[in-house]
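Summary of the model geometry
The residues making up each chain are set out below.
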Amino acid sequence: MQFWINVVVLASTYALLAAGYVLIYRASRVLNLAHGELMMLAAYLAFSIATVLPKQSLAVIPLTLLLAALIGVGIYYLFIRPMAGRPLFSAVLVTVAMGIVIQGLVVLVWTPRVQYLAVLLDIVNQSHQLAPGGAISTLDIASIVVALALFAALAAFFRYTRIGLLMRAAAENPLLLAQRGIDFHRLYAIAWGLAIGTAAVAGVLYTTTNRLEGTVALIGLKAFPVALVGGLGSLAGALPAALLVALAEVTAIQYVDPLLSNVAPFVVLLAALLLRPWGLFGTPEELERV
Amino acid sequence: MAMDRHKKIGQKAHASSQAWPGLRRQGILQWLALALLLAFPFIVNPFLLDLANLIALASIGALALNILIGWAGLISLGHAALLGAGAFTVGIMIEEFGAPIWITVPAAAGMGAAIGFVVGLPSVRLKGLYLAVSTLALHFIVVFLGGEYQTHHNLSTGIVIPDPALGPFVLSDRRAWFYVLVLAAAAATVFSVNLLRTRTGRAWLALRDRDIAASAIGVNLTAYKLAAFVVSAAMTSFAGALTAYYQHFVAVEAFSFFLTIQYVAMVLVGGPGSIAGAIVGAAFVIALPQGVNLAISSLSVPPQLKIYTFAVNYALFGLLMGGFLLFEPGGLVRLAVRLWGRLEALLPTATAVELRRPGRAQGPLQLKDDAMAAFTTASSTTDCLLDVAGLTVSYSGLALAVDHLSIRVPAGSIVALLGANGAGKTTTLRAISGFLPTETARITSGTIRFDGQLLDGLAPDRIARSGAVLVPERDKIFATLTVEQNLSIVPTSAPSGNRRAALREAIATYFPILQERQRQLAGYLSGGERQQLAMASALLRDPRLLLVDELSLGLAPALVQELMRLLEVLRRELALTILLVEQNAAAALNIADYAYILSTGRLVKQGPAKELLADAAVQELYLGVSASRRSYRQTAVEQRQ
Amino acid sequence: MRRFLLVGLVILSLMLSAVGCQTTPAPQTGAPTKPAQGEPYRIGVTAALTGPFADTYAPVYEAINVYFQQLNEQGGINGHPVQILVEDDAADATKATSNATKLVQQEKVALLTAATLSATYGSIMNISRSAGTPVLIASVCPTQAYPPADPLVFCPASFGALYDGTAAIRFIKETAKEPVKLALVGIESPIVRTNFDHVTKIASESGIQVVTRQLMPPTATDFTPFATQVQQAGANWVFAWSPWSSQIGPFDALQKLGWKGDYLLWAHQPADEELSRRKVDALYAIAGNALFAEELPVHKQIRAAAQKYKTSYPVEYMAEGWVTAQVLEQTLRNAGWPGGAKAMQAALAKLSVDTQGLRGGPLVFTADNHFRTKAWYKFYRWNSQQNKIVTARDWVGIDVVPSK
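The present account deals with the structure reproduced in this document.

**Regarding the overall build of chain C**
Scanning chain C from N- to C-terminus turns up twelve helices and 14 strands. Of the roughly 13,500 Å² of accessible surface on chain C, a fraction of 54% belongs to carbon and sulfur atoms.

**Looking at the interface of chain A and chain C**
Taken together, the contact between chain A and chain C spans 30 residues of the former and 37 residues of the latter. Here chain A meets chain C over a buried area of about 2,600 Å², counting both sides, of which 56% is carbon and sulfur. The largest per-residue losses of area from chain A upon contact with chain C belong to R113, Y116 and R211 of chain A, which jointly make up 23% of the total buried on that side. Scanning the region where chain A abuts chain C turns up two salt bridges. Ionic pairing is found between D140 of chain A and K256 of chain C, a salt bridge with its closest N-O pair at 3.2 Å.

**Overview of the pattern of salt bridges**
Applying the stated rule across the entire model yields 31 salt bridges over all chains. The salt bridge partner of E273 of chain C is R113 of chain A, with a shortest N-O separation of 2.9 Å. Here R113 of chain A lies in the loop between α4 (88-110) and α5 (117-121) and E273 of chain C lies in helix α9 (residues 271-278), a pairing that spans two chains. Residue classification places E273 of chain C among the partly exposed positions, given a relative accessible area of 23%. Since its relative accessible area comes to 15%, R113 of chain A is described here as buried. Of the charged contacts, one joins R571 of chain B and D593 of chain B as a salt bridge, the two residues approaching to 2.9 Å between their closest N and O atoms. Residue R571 of chain B is found in helix α21 (residues 557-574), and its partner D593 of chain B is found in the loop between α22 (585-591) and β13 (594-599); the two are separated by 22 residues along the sequence.

**A few points about the interface of chain A and chain B**
Taken together, the 63 residues of chain A in the interface contact 64 residues of chain B. Interface area, chain A with chain B, both sides summed: about 5,600 Å², of which 73% is carbon and sulfur. Inspection of the chain A/chain B interface yields zero salt bridges. At the surface where chain A touches chain B, the tally comes to six residue pairs in polar contact (both at pLDDT 80 or more). The set of elements that each furnish at least two residues to the side of chain A that touches chain B consists of α4, α7 (162-172), α8 (174-179), α10 (217-230), α12 (264-275) and α13 (284-289) of chain A. Taken together, the residues of the side of chain A that touches chain B break down into 44 nonpolar, nine polar and ten charged.

**Concerning the sheet that holds strand β10 (residues 468-471) of chain B**
Residue and element names in this part refer to chain B. Taken in spatial order, the six strands of this open sheet run β10-β11-β12-β7-β13-β14, and their pairing is mixed. A single partner strand is all that each edge strand has here, and the edge strands are β10 and β14 (602-608). Shown here is a sheet whose adjacent strand axes are inclined to one another by a mean of 15 degrees, direction ignored. Packed onto the sheet, helix α20 (residues 527-540) meets β10 and β11 (545-549) and runs at close to 170 degrees relative to β10.

**Notes on the pairing of strand β6 (residues 181-187) of chain C**
Residues and elements named next belong to chain C. For β6, the buried fraction is high: six of the seven residues fall into the buried class. In this structure, β6 lies alongside strand β7 (residues 209-216), joined through seven bridges in parallel fashion. Across the sheet, the residue bridging to V185 is Q214, located in β7. With respect to chirality, the unit in which β6 leads through helix α6 (residues 190-205) into the neighbouring parallel β7 is right-handed. As paired elements, β6 and strand β8 (residues 237-240) share four bridges and run parallel to each other. Residue L182 lies in a different strand from β8, and its bridge partner there is W237.

**Considerations on the nonpolar core**
In this structure, L177 of chain A together with M321 and L579 of chain B are the most contacted members of the largest nonpolar core, which totals 246 residues. With 16 residues, the top contributor of residues to this core is helix α1 (residues 2-28) of chain A. Residue contributions to this core reach at least three from each of two domains, namely domain 1 (46-285) and domain 2 (411-434 + 467-640) of chain B.

What counts, and at which threshold
- Here the residue numbering is sequential within each chain, running from 1 through the sequence in written order.
- Starting at A for chains and at 1 for ligands, labels are handed out in the order in which the entities are written.
- The predicted nature of this model means local features are confined to residues of pLDDT at least 70 and side-chain atom pairs, given and counted, to a pLDDT of 80 or more, with totals for whole chains, interfaces and linings taken over all residues.
- Computation of side-chain values: all heavy atoms of the structure, hydrogens and water removed.
- Elements are defined by DSSP. Helices are runs of H or I of four residues or more, strands are runs of E of two residues or more, and each kind is numbered from the N terminus.
- For accessible areas, the Shrake-Rupley method is used with a probe of radius 1.4 Å. Any residue's cover is judged against the shown protein chains and nothing else.
- Throughout, a contact is declared for two residues whenever any of their heavy atoms are within 4.5 Å.
- Take the accessible area each of two parts loses on contact, using a 1.4 Å probe, and add the two losses: that sum is the buried area.
- A pair is scored as a salt bridge if a Lys or Arg side-chain nitrogen falls within 4 Å of a carboxyl oxygen belonging to Asp or Glu.
- Only protein chains enter the accessibility calculation, which uses a 1.4 Å probe; a residue whose area is less than 20% of its type maximum is buried, one above 50% is exposed, and one in between is partly exposed.
- Each polar contact in these results corresponds to two N or O atoms within 3.5 Å; when the atoms are within protein, one needs to be able to donate a hydrogen and the other to accept it, and residues that are neighboring in sequence are counted only if both atoms are side-chain atoms.
- When residues are grouped by polarity, Ala, Val, Leu, Ile, Met, Phe, Trp, Tyr, Cys and Pro land in nonpolar, Asp, Glu, Lys and Arg in charged, and all others, Gly among them, in polar.
- Each pair of strands is called paired provided DSSP finds at least two bridges between the two strands.
- Angles run from 0 to 180 degrees between N-to-C directions of axes, and those axes are lines fitted to C-alpha atoms, restricted for helices to the stretch in contact.
- Seen with its strands pointing away from the viewer, a crossover is right-handed if its path from the first strand over the helix to the second goes clockwise.
- Buried Ala, Val, Leu, Ile, Met, Phe, Trp, Tyr and Cys residues that are joined via side-chain atoms within 4.5 Å together make up what is termed a nonpolar core.
- Where each domain starts and ends follows an automatic or database-derived domain assignment.

Rendered as structure tokens:
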């Protein structure tokens with residue numbers, strides 16, 4: 001029982017992060033390898049805001065999300081847009097460079113010390129017994145609920161709003177959209193904003209549950225196989241992929257070898273790449289575009 | 001793009017070396033450099049010697065990665081894993097069998113080649129980012145296996161490697177190491193230089209520049225991709241093996257993902273594709289932290305802040321890497337060439353070397369036909385809604401796709417731009433609608449005026465908003481949206497409600513099928529329906545000039561005729577001007593007022609549509625025969641290019 | 001191409017010679033009243049100032065630095081100031097190697113101090129051995145310092161394999177009210193493995209059953225799966241022995257799962273701070289250095305120095321480095337001037353340092369015991385009735401004897 005709870009909780013974190021990868025990839029065909037670092041940066045921003053506004057999580061969290069979204073928009077205009085027309089991988093490497101800069105800056109600004117967001121936000125992470133041999137904490141429930149809510153919201157956004165439709169159109173064929181007289185860069189920037197916003201949600205939840213320190217960025221790198229296994233262009237694929245990867249990881253830890261925990265997502269990824277390289281829900285054409 | 005940049009660099013450097021007065025000065029310099037190199041270990045302190053050795057080691061790894069990234073255009077994120085594989089091969093062979101260096105190092109290279117082969121296998125199926133990602137997976141797997149070996153053999157602090165012995169000679173002194181490593185790095189350099197001269201090397205460059213093009217000229221993609229992986233991996237593991245001996249230990253912590261990034265940065269910062277670049281990049285990345293330490297310690301910062309040196313280093317490394325990617329993708333070598341060029345311009349002996357622009361330096365074609373005044377140069381530009389003058393477009397700075405083309409489209413007319421496949425029609429249309437900057441092509445000369453305004457350099461969406469709207473050749477609708485959604489995302493820019501209503505009514509009248517299919521995904525529409533949806537979407541923008549690219553493509557002749565007629569009706573009803581780009585000349589000439597015929601990028605004939613239609617020679621020479629006989633496969637390859 | 005190689009070579013040598021100038025020491029800050037004059041003693045430090053475990057190792061350097069800044073202003077040692085040359089290795093073996101090479105071969109320090117992850121020790125010891133420079137390890141003690149000791153390896157750090165485990169098992173046996181089902185939690189590292197092998201052995205000798213052993217990857221951030229294993233094994237006691245975050249992380253995860261048991265962990269620097277933050281009575285800390293909660297006179301001294309020189313870590317993190325600095329000071333005093341590597345080694349091999357109450361007794365090195373003759377341990381826990389950290393068991397001394 002606890003096993004499955006652990007899988008679902010871990011999957012919810014992965015799904016939140018994978019959503020960011022997918023949003024960004026759909027928008028700008030870029031794999032954002034700084035996603036984990038941006039998630040960490042958002043968490044540190046939350047930490048700083050929380051030091052100014054202690055115990056007011058209702059103010060801290062929206063402020064953090066807003067700030068993170070603005071950072072996302074800024075990144076698109078400053079670093080990604082100038083890379084248009086250049087080899088795709090160059091843009092990916094720009095995100096890698098960005099991640100390295102963030103790692104350095106975080107240490108410079110916030111020191112390498114471990115911080116606890118939960119204390120600052122005055123959140124008590126209580127344990128709830130779901131069944132004999134199966135407990136879950138308040139924040140873990142929050143993580144699952146938020147992940148599901150976010151995916152529902154994104155699905156609605158892409159189906160019913162004009163901007164959502166435009167973003168789908170831009171994902172499919174940006175030049176055609178430009179032909180219709182729409183500045184797709186603005187749409188891409190919005191997508192980046194949304195993506196970094198979701199990263200901030202994941203970051204705040206994850207670091208409140210666990211700890212805030214420089215190594216949490218690693219979880220971003222581990223979530224990236226999730227996005228690929230699900231299909232880089234497919235939001236719907238991210239949910240089952242997150243469950244699959246989390247299942248593989250938790251199984252590896254509990255039944256095979258704990259040291260496999262970092263490797264497990266990538267083993268799943270390799271298997272997926274060999275069997276179904278376009279992902280669970282992607283289409284083979286996706287491969288041609290990369 | 002990068003290849004011809006590299007070529008230019010080579011040419012320029014070559015030319016400038018000839019500009020030097022004789023070779024003697026260079027000869028002296030070379031001897032001096034050699035003497036400096038030989039004396040180096042004896043004139044610097046041990047720490048610097050260590051640094052130089054590390055740079056020599058790193059340059060082997062960087063040269064190896066350059067083969068993949070710089071030449072074959074294959075991205076690998078498994079570089080640290082391959083270095084680790086080499087180092088662990090040495091470590092394990094020493095730990096288990098006490099193997100000597102002349103067995104371990106070749107074995108490590110062999111191990112690298114084997115891993116390279118396995119990692120290269122997915123490249124048969126995967127491209128670009130997906131391939132990079134599969135090599136990233138390799139990284140985590142190798143690190144895991146190394147860690148497993150260390151833990152299960154209780155090698156807490158890594159595997160200790162004794163000084164290597166070759167017969168009676170034991171390599172322990174760092175000075176001796178310097179010569180060995182410099183020699184190894186030199187060998188790697190010579191190997192790289194020669195590799196590029198082989199058929200394989202040239203095939204890699206072709207592969208990097210364009211997969212499909214390479215396969216079209218008969219390069220066996222799979223074999224060459226695999227070869228690139230195997231050669232690069234073997235070299236990398238060789239470097240890893242030497243590193244193990246040099247460092248005296250192998251520990252899995254040393255092979256972090258950041259190490260991979262450092263090597264990628266070496267290639268990028270030095271200059272991708274350049275051998276000198278890989279070496280300079282290696283030196284730069286290895287020496288950078290020391291430079292930062294030096295700067296920090298000379299700034300007399302309080303010792304408490306020492307804690308942050310590493311973070312400063314880290315951030316600075318990221319900034320530099322990003323900076324080169326954004327601002328100088330050619331790397332340090334390109335930067336040096338540029339600075340060198342500036343410097344050379346100041347030297348009295350230097351002669352400026354101008355690369356000759358490819359292409360013919362002749363003026364625009366003299367047109368004799370002046371049958372219709374509005375279409376000829378005689379009339380003033382304001383009469384023409386679209387005026388293209390002397391347009392030249394080149395691909396990758398070399399091949400000319402369009403050569404000094406001048407066409408005019410008066411308001412209210414239908415003008416056809418005809419020609420066989422590859423004649424440059426679509427390129428012209430893309431130049432007009434502002435799509436070129438997003439591709440490898442660019443406008444090298446000429447002007448495009450729309451309603452008297454210059455369009456050059458405007459983004460596609462700006463051009464569309466100014467009233468010149470394109471109905472593209474393919475991918476003309478959003479397949480994942482419904483018909484209704486396709487129409488709803490078009491911003492209606494019509495000035496008055498009346499006009500907007502008129503547009504909607506026209507669409508409802510002339511494209512009734514769209515009404516019926518409005519809930520359907522556009523991806524499921526038939527070819528004709530797609531064309532109608534695309535035209536309707538374009539009309540919603542209230543265009544003054546409608547640019548229609550290959551309306552007939554893939555449609556039945558009867559349907560083509562019907563759509564052509566529809567265009568004529570729309571022109572009348574909505575007061576449109578239409579530029580029609582067509583392979584199907586007969587259908588286009590039926591509704592056009594005037595037509596231009598292109599062949600290999602140049603204007604070969606123009607005239608009133610009726611005259612051209614009647615001209616049998618025109619049909620035979622430029623329109624019919626050659627185009628229709630092209631096989632589908634050939635066409636597909638060209639269109640992808 | 002040749003031209004490029006040439007230019008590259010020139011650039012390279014320019015860069016190298018620029019770096020070569022980097023031998024000038026950073027000037028000492030602060031306005032000295034009676035500053036030490038003349039040639040300094042040069043002590044090299046390679047420490048994990050950044051990286052995943054920085055908060056265990058960086059404060060060691062900070063304390064050493066503060067200690068000698070203060071000492072230099074008060075006249076130094078034998079009339080000479082002490083210069084601390086520090087290099088950050090970020091717990092990375094390759095960087096530690098290049099740091100050690102630089103400090104030993106270029107800077108020619110008389111003594112190398114390491115406060116970093118145990119995985120880097122091998123290469124550091126290698127370099128020290130080739131130059132004959134003694135190494136003072138201020139992070140987890142390696143078995144090389146235990147009798148019979150490696151002539152060049154010394155370890156004043158409060159924690160080390162084997163003895164910590166023995167003390168922990170004794171404490172658990174005395175404290176537990178019901179039969180103990182013990183879980184061992186730590187990162188996957190050979191030194192942890194060695195310690196847990198030892199703990200398992202003596203636990204079974206004392207009738208304690210070890211129900212599970214969780215060795216986690218050093219980079220783990222989510223400890224839930226490991227905590228689940230501990231809980232499902234039915235453990236009612238846990239002994240965690242690792243860098244701090246991988247001790248407290250599993251504890252938090254266990255709490256999250258609603259586990260009710262007793263948890264003993266090693267009192268690394270953050271212990272003071274984090275025991276008070278969590279306020280859980282069942283969380284015990286085994287300490288080698290007296291916690292600041294005791295407010296001993298020496299704690300007040302450290303507090304004053306830390307405030308004066310503005311450390312970036314809280315004062316509660318300074319005890320470990322303070323003891324190291326005390327050992328360094330005593331070594332330098334005994335070695336006299338100029339105090340080269342040989343003199344340092346000789347001084348270290350017969351050293352007795354009064355830790356002023358930071359340890360349970362004096363720290364004594366002998367010719368073949370470079371760890372301590374008696375290992376002292378004290379146990380703390382949070383007491384919610386008194387709302388403060390209290391002593392759970394006073395100092396226990398275990399004799400350190402040569403291993404068979």
